[in-house]
Amino acid sequence: EETIGKFADDEKPFYLQLHPYAVHGPVRSRPDLKASTGDELAGFVASIDLTIGRLLKVLNDTGCAENTLILFTSDNGGTHKDNLPLRGKKGMFTEGGIRVPLVAYWPSVIPPNTITDRLVHGIDFYPTLLELAGNQWLPSKKSHPLDGESFAGILRNPSSKDKRSAIFYLFPGYMDARAQPCVAVIDEAEGKRFKLLYFYEANAWELYNLTDDIGEDRNLIKKHPRLASKLSRKIQD
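Residues numbered from 1 in each chain as written. Predicted model: local features only at pLDDT ≥ 70, side-chain atom pairs only at ≥ 80, totals over all residues. Heavy atoms only, no water.

Remarks on the sheet that holds strand S6 (residues 204-209)
Pairing is antiparallel across the open sheet formed by four strands, whose spatial order is S3-S4-S5-S6. In this open sheet, the two edge strands, each paired with only one partner strand, are strand S3 (167-171) and S6. On average, each strand axis in the sheet is inclined to that of its neighbour by 15°, with strand direction left out of account. Set on the sheet, helix H7 (residues 225-236) makes contact with S3, strand S4 (182-189), strand S5 (192-199) and S6; between it and S4 the angle comes to about 120°. (Pairing = 2+ DSSP bridges. Helix = DSSP H or I, 4+ residues; strand = E, 2+ residues; numbered from the N terminus. Axes fitted to C-alpha atoms, helices over the stretch in contact; angles between N-to-C directions. Contact = heavy atoms within 4.5 Å.)

Some words on the nonpolar core
The tendency in soluble globular proteins is for nonpolar side chains to be buried as a group. Residues Phe93, Ile98, Tyr169, Phe171, Cys182, Ile186 and Leu197 are the most contacted members of the largest nonpolar core, which totals 14 residues. Elements that contribute at least two residues to this core include exactly S3, S4 and S5. Filtering out sequence-adjacent residues up to four positions away, Cys182 remains in contact with Phe93, Tyr169, Leu170, Phe171, Tyr198, Phe199 and Tyr200. (Core = buried A, V, L, I, M, F, W, Y, C linked by side-chain atoms within 4.5 Å. Buried < 20%, exposed > 50% of the residue type's maximum accessible area, 1.4 Å probe, protein only.)

With respect to the packing of aromatic side chains
Within this structure, the stated rule accounts for seven aromatic pairs. With a centroid separation of 6.0 Å and 70° between ring planes, the pair formed by Phe93 and Tyr169 is classed as edge-to-face. Of this pair, Phe93 sits in the loop between strand S1 (70-73) and helix H4 (95-98) while Tyr169 sits in strand S3, and the two are 76 residues apart along the sequence. Accessibility expressed as a relative area gives 16% for Phe93, which makes it buried. The buried category is assigned to Tyr169, whose relative accessible area is 18%. Seen in terms of ring centroids, Phe93 and Phe171 are 5.2 Å apart; in terms of plane orientation they differ by 50°. Their pairing is tilted. In this pair, Phe93 sits in the loop between S1 and H4 while Phe171 sits in strand S3, placing the two residues 78 residues apart along the sequence. Assigned by exposure class, Phe93 and Phe171 land together as buried. (Phe/Tyr/Trp six-rings, centres within 6.5 Å; stacked < 30°, edge-to-face > 60°.)

Here we look at the pattern of salt bridges
Counted according to the given criterion, the structure contains 17 salt bridges. When the shortest N-O distance is used, the salt bridge between Lys34 and Glu40 registers 3.1 Å. The class of Lys34 is partly exposed, set by a relative accessible area of 38%. Taking relative accessible area as the criterion, Glu40 reaches 27% and is therefore assigned partly exposed. Put simply, Lys192 and Asp212 hold a salt bridge, and the shortest N to O gap is 3.1 Å. Placement of the pair is Lys192 in strand S5 and Asp212 in the loop between S6 and H7, with a sequence separation of 20 residues. Residue classification places Lys192 among the partly exposed residues on the basis of a relative accessible area of 29%. Each of Glu95, Arg99, Lys195 and Glu216 takes part in a single network of salt bridges with overlapping partners. (Salt bridge = Lys/Arg side-chain N within 4 Å of Asp/Glu carboxyl O.)

A short note on H7
The end-to-end C-alpha distance of H7, which contains twelve residues, comes to 16 Å, matching closely the 16 Å that a straight helix rising 1.5 Å per residue would cover. Listed as buried for H7 are Leu227, Ala228, Leu231 and Ser232. End-on, the buried residues of H7 take up no more than an arc of 135°, which puts them together on one face. Turned more than 90 degrees off the buried face of H7, the exposed positions are Arg226 and Gln236. Buried positions along H7 lie against S4, S5 and S6. (Expected span 1.5 Å × (residues − 1). Arc of directions from axis to C-beta.)

Some words on unusual backbone geometry
The amide bond that connects Gly25 to the next residue, Pro26, takes the cis arrangement and shows omega of 0°. Locating Pro26 in the fold gives a position in the loop between helix H1 (2-8) and helix H2 (31-37). The phi dihedral of Asp176 falls on the positive side, at around 35°, and the residue is not glycine. Within the secondary structure layout, Asp176 lies in the loop between S3 and S4. The backbone of Glu190 sits at a positive phi, close to 55°, despite the residue not being glycine. Assignment of secondary structure puts Glu190 in the loop between S4 and S5. Residue Glu190 is classed as exposed on the basis of its relative accessible area of 78%.

A look at the environment of Asp187
Position of Asp187 among the secondary structure elements: in strand S4. Considering only alpha carbons, one finds Asp187 and Pro26, 161 residues apart in sequence, at a separation of 35 Å. Excluding anything up to four places from it in sequence, Asp187 contacts Ser165, Ala166, Lys192, Arg193, Phe194, Leu231 and Lys234. Side chain to side chain, Asp187 and Lys234 meet in a polar contact 2.4 Å long. (Polar contact = N/O pair within 3.5 Å; in protein donor to acceptor, adjacent residues only side chain to side chain.)

Pasting the structure below:
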């Protein structure tokens, strides 16, 4: 609270990155929150609600709320309970392992209850924040090319139809029973969103229509070989 208060007294814009302990394991709720929610994990999550509430109160009290963008996100899929209807969990490359919340709060810009289906990856935050700050620190593509793509345009105009280019994952290692060496691409094709995965050990491909099959239950690799080939070339490139 004291830190934000000092920033608020300065005319310069400020950047704050807040990393709460929750909801990373081990799951340990405050006793009072566990009692009020009736569940250890629910009480653990409730502590995040209180933390965000304190942050919003300080921004309101210092008069910064209307001019402040808050981005709420996580680093990987859930692990403490199932992620239904998503398949899998943290450490896997199914949607339950890589799809995470992303909530943007900007009272003077983003209307309440706005939803967009634009693809966003963690590497997109850097160019996005640089653009919002005026792009004066953005490195040249020649000296320091970035894989991330700014989504500042979507934040400023949520109704925009701006689309992100394909997102890629390369995992060259092993993670217990959850992951083996694989590569994946998520991209749009024919008005739908698809994910193509290749598993090196099994020499096997999997293709999923995430738009119609968010649970990744139906492997379409034999049904759509041309689409799979097109996506595999993007991986190769």
